[in-house]
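Read off the chains here:
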Amino acid sequence: MRLKTSVGGMLFLSAYLMMLADGILIGFSTLGELRGCRQISLALRGMAAGFVVMKVFLDRRYLLSDILKMLALGAALLLAFYRSRYNHLFYVLLLMIGMRGVDARRLIRIDLWARIVMMAFVMLLALTHTIENYALWRPQTQSFRYSLGFSQPNTLAALAFGVVLEEAWLNDRNPSWLYAAFVWGLSAALYGVTGNRTAVILLAAFPLCLCWKKWRARRGVSRLTQCAGMAAYPILAAFSFIVMKGTEGVSWVSLLDGLFSARFANAARLYAQYGCSLFGQRVELTSLKMAQMFNVGLALLDVAYLRLMIEGGLLAFTVYMLLYMNGVRRSARRRSAVSILALCLFAVFGVMESGANNPCMNFTMILMAEALYCHGDEQKSEAQHGAVGAC
């Protein structure tokens, strides 16, 4: 099935672009604060869900394994979303159900250009004072951090990080001094505007990671690389939970948490209040902007793993983990070092940003969804193009 020719593919592409518009234009930017945007957001989600359902019914020749996967994923994620109203789960649900038979490479190419256009549109609105260019004062550096129209400066940096990785994945980037200079220059510019450290540090390290990718691509993806990549998610999740619990009484952990802008201490307070449920729960969060506007305390879950555990529920967390591990496993079988690198970098990103749970910010979820429905031909190497094609 090809996006440019099949009716089902066009339906899914339309649904995906609606989700992207809802996530980036309305969810991630101050454009969502304008009158009527909430209604537009609900309409976009409703139409996206309708298009995905239509695609599912238009598809033919389902394998029993595909049907079981769709039913299991649909039931688990729908239940978690219904109980928690955690929007990221809704996007993942539609992506995982609708991705069957879709060419991942073509979708990612469209996704990249759509992200760039939407980000440029938001920044243009901010620079022309149509929407708010939200700024935060950082006392440590005595400087402002600017969002250029997004809900906070970290969002802009995180989206830019995703765009760089997505472009590198599509073009199978190899290390070079020219490319490294470009990425490092972009990192410096992002830090100067947003003051973000997470995305900037990962971006700065990315050209060095490409050296590993090139070395691994020549030798093939080893079993050790596959196992290490698959283990990254559970290890980082366990690290996040241990650090969160350690902030309650371990001095050196509290000091470590200070480097993470007290993300784990904030999560610990919410964990003490809500705990972890199996099927998800409603959690009242308060952003820094809301806290300043209404003079109330912060209630943040800025660690992807902890937000999934506390808000999405242990079942949704397990689903995410299995999707990630299967994505690494399939990428290893195709000898795609660039896919494993992207998956692992977003896994690290999840320790410091909850956006790693969101397909609108994390393009590697397309790889995870595509890997669900690949049958046969897994031993064929995609190293010639550095990408995953339709199965």
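Residues numbered from 1 in each chain as written. Predicted model: local features only at pLDDT ≥ 70, side-chain atom pairs only at ≥ 80, totals over all residues. Heavy atoms only, no water.

## Here we look at the overall build of the protein
Stated formally: Think of it this way: any DSSP run of H or I at least four residues long counts as a helix, any run of E at least two long counts as a strand, and we number them from the N terminus. For this measure, only C-alpha atoms enter the radius of gyration; the expected value for a globule follows 2.2 Å times N^0.38, where N is the number of residues. Only protein chains enter the accessibility calculation, which uses a 1.4 Å probe. A residue is then buried if its area is under 20% of the maximum for its type, exposed if over 50%, and partly exposed in between. By the convention used here, residues are in contact when the closest approach between their heavy atoms is within 4.5 Å. Note on areas: Shrake-Rupley, 1.4 Å probe, and residue coverage restricted to the protein chains presented here. When charges are tallied, Lys and Arg are placed among the positive residues and Asp and Glu among the negative ones, while His and the ends of the chain are skipped. By convention, charge coordinates are those of NZ in Lys, CZ in Arg, CG in Asp, or CD in Glu.
The helix and strand inventory of the protein stands at 16 helices and 2 strands. Against the compact-globule benchmark of 21 Å for 391 residues, the protein has a radius of gyration of 20 Å, which places it among compact chains. The buried share of the protein, reckoned over its 391 residues, is 56%. For the protein, restricting intrachain contacts to residue pairs at least 6 apart in sequence, the fraction spanning at least 24 positions comes to 72%. A total accessible area of about 17500 Å² is found for the protein, and carbon and sulfur atoms account for 66% of it. A distance of 4 Å separates the average location of the 38 positive side-chain charges in the protein from that of its 20 negative side-chain charges.

## Some words on the nonpolar core
We apply this condition: In plain words, nonpolar cores are sets of buried Ala, Val, Leu, Ile, Met, Phe, Trp, Tyr and Cys residues tied together by side-chain atoms within 4.5 Å.
Of all hydrophobic cores here, the largest spans 127 residues; its most connected members are Leu89, Leu95, Met96, Met99, Phe161, Phe206 and Tyr305. For this core, the element with the highest residue contribution is helix α6 (residues 153-171), accounting for 12 residues. Leave out the neighbours within four places in its chain, and Tyr305 touches Tyr233, Leu236, Ala237, Ser240, Phe317, Ala347, Val348, Gly350 and Val351.

## With respect to the packing of aromatic side chains
This is how it is decided: Any two of the Phe, Tyr and Trp rings considered here, Trp counted by its six-membered ring, make a pair once their centres fall within 6.5 Å; the pair's planes then place it as stacked at under 30 degrees, edge-to-face at over 60, or tilted in between. By the criterion adopted, a ring carries a charge over it if an Arg CZ or a Lys NZ lies within 6 Å of its centre and within 35 degrees of its normal.
If you walk through the whole model with that rule in mind, you get 15 aromatic pairs. Aromatic pair Phe239 and Phe264: ring centres 6.5 Å apart, planes at 85°, arrangement edge-to-face. Placement of Phe239 in helix α9 (residues 223-246) and of Phe264 in helix α11 (residues 263-274) is noted, with a sequence separation of 25 residues between them. Its relative accessible area of 34% is what places Phe239 among the partly exposed residues. Residue Phe264 is classed as buried on the basis of its relative accessible area of 0%. Following the ring pairs from residue to residue traces out a cluster consisting of Phe161, Trp169, Phe346, Phe349 and Phe363. Between Arg100 and the ring centre of Tyr62, over which it is positioned, the NZ or CZ distance is 4.2 Å.

## A closer look at the side chain of Lys213
Examined against the element boundaries, Lys213 turns out to sit in helix α8 (residues 198-219). Non-local contacts of Lys213, meaning those with residues more than four positions away in its chain, are made with Asp172, Arg173, Asn174, Ala337, Val338 and Leu341.

## Things to note about the pattern of salt bridges
Using the following cut-off: Salt bridges are defined as contacts in which a side-chain nitrogen from Lys or Arg sits within 4 Å of a carboxyl oxygen from Asp or Glu.
Applying the stated criterion across every chain, the model contains 12 salt bridges. Taking the shortest distance from any N to any O, the salt bridge between Arg115 and Glu166 comes out at 3.4 Å. Of this pair, Arg115 sits in helix α5 (residues 104-127) while Glu166 is found in helix α6, placing the two residues 51 residues apart along the sequence. Just as Arg115 is buried, Glu166 falls in that class too. The salt bridge involving Glu311 is made with Arg307; its shortest N-O contact spans 2.7 Å.

## Let's talk about the environment of Ala43
Along the chain, the position of Ala43 falls in helix α2 (residues 37-58). The exposure class of Ala43 is partly exposed, given its relative accessible area of 38%. Residues Ala43 and Cys360, 317 residues apart in the sequence, show an inter-C-alpha distance of 17 Å.

## Concerning the environment of Gly185
Mapped onto the elements of the fold, Gly185 is located in helix α7 (residues 177-194). Owing to a relative accessible area of 39%, Gly185 belongs among the partly exposed residues under this scheme. The sequence separation of Gly185 and Ala204 amounts to 19 residues, and the corresponding C-alpha distance is 9.0 Å.

## A few points about the packing of helix α13 (residues 304-312) against helix α14 (residues 314-333)
Worth spelling out the cut-off: Inter-axis angles, ranging from 0 to 180 degrees, are taken between N-to-C directions of lines fitted to C-alpha atoms, where helices are fitted over the stretch in contact. Under the scheme applied here, ten amino acids are nonpolar (Ala, Val, Leu, Ile, Met, Phe, Trp, Tyr, Cys and Pro), four are charged (Asp, Glu, Lys and Arg), and all others, including Gly, are polar.
Contact geometry for α13 and α14: axes closest at 6 Å, N-to-C directions at 140°. Two secondary-structure elements touch here, α13 through Tyr305, Leu308, Met309 and Gly312 and α14 through Leu314, Ala316, Phe317 and Tyr320. By residue class, the composition of the contact of α13 with α14 is 7 nonpolar, 1 polar and no charged.

## Concerning the side chain of Asn357
Structurally, Asn357 is set in the loop between α15 (337-349) and α16 (364-372). Judged by relative accessible area, which is 3%, Asn357 ranks as buried. Excluding residues within four positions of it along the chain, Asn357 makes contact with Tyr86, His88, Val92, Ala304, Arg307, Leu308, Tyr320 and Met365.

## Regarding the confidence of the model for the protein
Note the cut-off: Predictor confidence is given residue by residue as pLDDT, running from a minimum of 0 to a maximum of 100.
Averaged over the protein, the pLDDT score is 87; the fraction of residues at 70 or greater is 90%. The model gives residues 377-391 a pLDDT under 50, and that stretch makes 41 contacts with residues more than four places away or in other chains.

## Focus: the state of the cysteines
The cut-off we apply is this: For this text, the term disulfide refers to a pair of cysteine sulfurs within 2.5 Å.
The final tally for this structure, using the stated rule, is 0 disulfides. For Cys209, which is in no disulfide, the shortest distance to another cysteine sulfur is to Cys211 and amounts to 8.7 Å. Accessibility expressed as a relative area gives 41% for Cys211, which makes it partly exposed.

## Focus: the environment of Ala347
As for its placement among the helices and strands, Ala347 is situated in helix α15. Non-local contacts of Ala347, meaning those with residues more than four positions away in its chain, are made with Leu236, Tyr305 and Tyr324.

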